[in-house]
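# Report on the structure
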Amino acid sequence: MNLLKQHLTAYLCASKDTTRPALMNVKIEPGKLCATDGSIAVKMEFDNDSAMPADYPTGAASPTEPVLVPVDAIKAILKGSKATDTFDLLVNVDTRMGYLVNGGATVSFTLSDERYPDIDAVYPQDTDMEPDGANYNMTAFNPAYLETINKLYKPFGLSTYGSAVSVVARGDCKASSFQWTGNGTAVHVILMPVRKNT
């Protein structure tokens, strides 16, 4: 499975809490990925490319099922990479190993059996969405979350304050999203609010 550097920045939303091991990963499956720490979440949808790299570990193949990729493995493969680099995610189901490959560099990790939460159950559906502020029931958020969103959007050449990003709300959940031309990627970020301004 072919991934861009922009996709892998989803790790910024993963948890650092060792008591929640599943959330210390990015869940990647054909055509989409997601990450959350329980308060902020990102999901991305993209064109699935299952072409195999020229050099790949013996017995490895492009995954057909969801894979939990540890944040440490993502950080390791991103170290020293260029903005235009592409990455391949491969798995060997027999040895229970996963691989992130970038040219001649390979980072391996053990496949996890942890259960990952259903991000789609939290994300507002199209029928639930309304433009933020439409009902004047504005929501305030932890500034650290907003900083994380800006870090997520920067590799795409966007800002959360840019006109290309739409913000929608449903009750206490707020989401921003945009469509990116590279690799047909759609990015959705979900924030849980700290409090409401009335």
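Below, the structure is looked at part by part. Note that the coordinates shown come from a computational prediction; the quantities given were computed from them, not determined experimentally.

### Quick word on the pairing of strand 4 (residues 40-45)
Of all six residues making up strand 4, five are buried, and the element is well covered by its neighbours. With five bridges joining them, strand 3 (residues 32-36) and strand 4 adopt antiparallel strand pairing. Within strand 4, the residue paired with A35 across the bridge is V42. Connecting strand 3 to the antiparallel partner strand 4 that follows it, the hairpin turn spans three residues, and G38 within it adopts a positive phi of roughly 100 degrees.

### Details of the side chain of N102
Of note, N102 is situated in strand 7 (residues 97-102). Given a relative accessible area of 16%, N102 falls into the buried group. Setting aside residues up to four positions removed in sequence, N102 forms contacts with I77, S81, D85, T86 and F87.

### Things to note about the sheet that holds strand 1 (residues 2-4)
Reading across from one edge, 1-6-7-8 is the order of the four strands in this open sheet, with antiparallel pairing throughout. One side of each edge strand has no neighbouring strand; the edge strands of this open sheet are strand 1 and strand 8 (105-110). For this sheet the average axis-to-axis angle between neighbouring strands, irrespective of direction, equals 25 degrees. The sheet contact formed by strand 6 (residues 86-92) and strand 7 spans five bridges and is antiparallel. Looking at strand 7, one finds that D88 is bridged to V101. This element, helix 2 (residues 71-78), spans strand 6, strand 7 and strand 8 of the sheet and lies at about 175 degrees to strand 8.

### Section: helix 2
Within helix 2, burial applies to V71, A73, I74, I77 and L78. The buried side chains of helix 2 occupy one side of the element, clustering within an arc of 160 degrees when seen end-on. Elements that come into contact with the buried residues of helix 2 comprise helix 1 (5-8), strand 2 (25-29), strand 5 (67-70), strand 6, strand 7 and strand 8. Just downstream of helix 2 lies G80, where phi reads positive at about 80 degrees.

### Observations regarding the pattern of salt bridges
Within this structure, the stated rule accounts for two salt bridges. Between K27 and E29 there is a salt bridge; the shortest N-O distance is 3.9 Å. Pair check on accessibility: K27 and E29 agree, each one buried. The partner of D113 in a salt bridge is R96, with the nearest N and O atoms 2.7 Å apart.

### Some remarks on the pairing of strand 7
Across the six residues that make up strand 7, a large majority, five, are buried. The sheet contact formed by strand 7 and strand 8 spans six bridges and is antiparallel. Opposite M97, over in strand 8, you have T110 as the bridge partner.

About the thresholds
- Residues numbered from 1 in each chain as written.
- Predicted model: local features only at pLDDT ≥ 70, side-chain atom pairs only at ≥ 80, totals over all residues.
- Heavy atoms only, no water.
- Buried < 20%, exposed > 50% of the residue type's maximum accessible area, 1.4 Å probe, protein only.
- Helix = DSSP H or I, 4+ residues; strand = E, 2+ residues; numbered from the N terminus.
- Pairing = 2+ DSSP bridges.
- Contact = heavy atoms within 4.5 Å.
- Axes fitted to C-alpha atoms, helices over the stretch in contact; angles between N-to-C directions.
- Arc of directions from axis to C-beta.
- Salt bridge = Lys/Arg side-chain N within 4 Å of Asp/Glu carboxyl O.

These values are about where atoms sit, not about what they do.
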